[in-house]
Amino acid sequence: MRTTTHGGSRVAWRRALKQPLLNVVARLPDGVQRAMFAPRIRRICIRVPLLRAVYSGCLRRHPIDLQYGTDTSGLVDAEALQRDASLASQLRPYMGSQPTIIRRALDTLGDIAGYTFIDIGCGKGRPLIVASEYPFALALGYDISAELVKVANANGAVLARRFPQRPPIRAVTANVADLAVPSGKVVVFMFNPFGPELMATLLAKLEEGLAGGTLDHLFVVYDNPVCGEVFDGSGYLQRWFARMLAYDHRELGFGPEDQEGVVIWQSVRNARPDAFADRERPITSRDRLSAVIE
Ligand SMILES: C[S@@+](CC[C@H](N)C(=O)[O-])C[C@H]1O[C@@H](n2cnc3c(N)ncnc32)[C@H](O)[C@@H]1O
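Residues numbered from 1 in each chain as written. Predicted model: local features only at pLDDT ≥ 70, side-chain atom pairs only at ≥ 80, totals over all residues.

Considerations on the site of the ligand
For step 1, the next point in the chain: Near the ligand lie 25 residues; those nearest to it are Ser97, Gly121, Gly123, Phe191 and Pro193.
For step 2, the next point in the chain: Listed by contribution, the elements that provide at least two residues to the shell around the ligand are helix H9 (126–131) and strand E2 (138–143).
For step 3, the next point in the chain: Residue composition of the shell around the ligand, grouped by class: 14 nonpolar, seven polar and four charged. (Near = placed C-beta within 6 Å. Helix = DSSP H or I, 4+ residues; strand = E, 2+ residues; numbered from the N terminus. Nonpolar A, V, L, I, M, F, W, Y, C, P; charged D, E, K, R; others polar.)

A look at the pairing of strand E5 (residues 215–223)
For step 1, the next point in the chain: In terms of burial, E5 is largely enclosed, as seven of its nine residues are buried.
For step 2, the next point in the chain: Judged from the eight bridges that link them, strand E4 (residues 184–191) and E5 form a sheet pairing that is parallel. Bridge pairing in E5 places Phe191 opposite Asp223.
For step 3, the next point in the chain: In the classification by handedness, the crossover that spans E4, the intervening helix H11 (residues 196–212) and the parallel E5 is right-handed. (Buried ≥ 20, exposed ≤ 12 C-beta atoms within 10 Å, placed from the backbone. Pairing = 2+ DSSP bridges. Right-handed = clockwise from strand over helix to strand, strands pointing away.)

What to know about the sheet that holds strand E7 (residues 259–267)
For step 1, the next point in the chain: What the seven strands build is an open sheet, ordered E3-E2-E1-E4-E5-E7-E6; its pairing is mixed. Of all the strands in the sheet, just strand E3 (169–173) and strand E6 (237–246) have a single pairing partner and so form its edges. For this sheet the average axis-to-axis angle between neighbouring strands, irrespective of direction, equals 20°.
For step 2, the next point in the chain: Across nine bridges, the pairing between E6 and E7 is antiparallel. Among the inter-strand pairings, Arg239 is bridged to a residue of E7, identified as Trp265.
For step 3, the next point in the chain: The sheet strands contacting helix H10 (residues 146–162) are E2 and E3, and the helix crosses E3 at an angle near 170°.
For step 4, the next point in the chain: Packed onto the sheet, H11 meets strand E1 (116–120), E5 and E7 and runs at close to 155° relative to E5. (Axes fitted to C-alpha atoms, helices over the stretch in contact; angles between N-to-C directions. Contact = placed C-beta atoms within 7 Å.)

Keep in mind these numbers describe shape, not what the thing actually does.
Written as structure tokens, this is what we have:
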């Protein structure tokens, strides 16, 4: 009993200290941050519970934001994203995915001209920015947090001003449970947005579109596929790709890992010929925040 109380107060202290600590480190000059995040130091510090959030690297201004003048960096806890406690327990915190991993995943797909890119749980819109580098018809994002959606649309406006010829970026505030069934040719992207119940709800919508014929062809690109077994269980989908992808060296220290698992499914309807022999590799979820491809 006493252990639980001490454990509980330790967790409460850690929580109370986390945000002020993140704010302090975020304000440190670039040179100091670079020294703090040297790979050898980071590898040790990320194991210290109090420093884990700092060494996730999410608070640092990501290279893609320096490149484009956008704001996709930061870490936002689930409780801050959603006040409804029952929903918050399903959500994963906001942290941006790594652009080079998204690009390498999209590069496997072949011709996606005219497809709609949909990021489910788009946050501040980093994957939408990356998708706008490809010939999609539209880069569309949904997120349950109106604040993050506002930032994603502001980022979209920055991109539209600088690159008017690129596909438009639109973000919409919505809970995935309330989304309409998508239609046409679609690439759904996700970076570990929520747990298995909501994932099953999303899959049911996609299956409805495939069964009814409104979805012509579908790719589901799942970065860090913690609930990947939900898609493996669908008779409407088949595996396209499954690998661990390493962070580009310029992105090391800007996310919690050095590599991430990516699994891609495509619809059986209008399926493309298989291109990756190792696509059936199993997924092992270590916890609710990370999965590896064996
Ligand atoms: C790990 S972040 C990923 C952000 C972005 N996709 C990226 O890769 O940079 C997960 C996002 O999913 C959103 N999310 C969680 N549950 C959701 C739900 N039920 N409906 C819509 N968005 C949700 C969160 O608000 C959060 O911004």
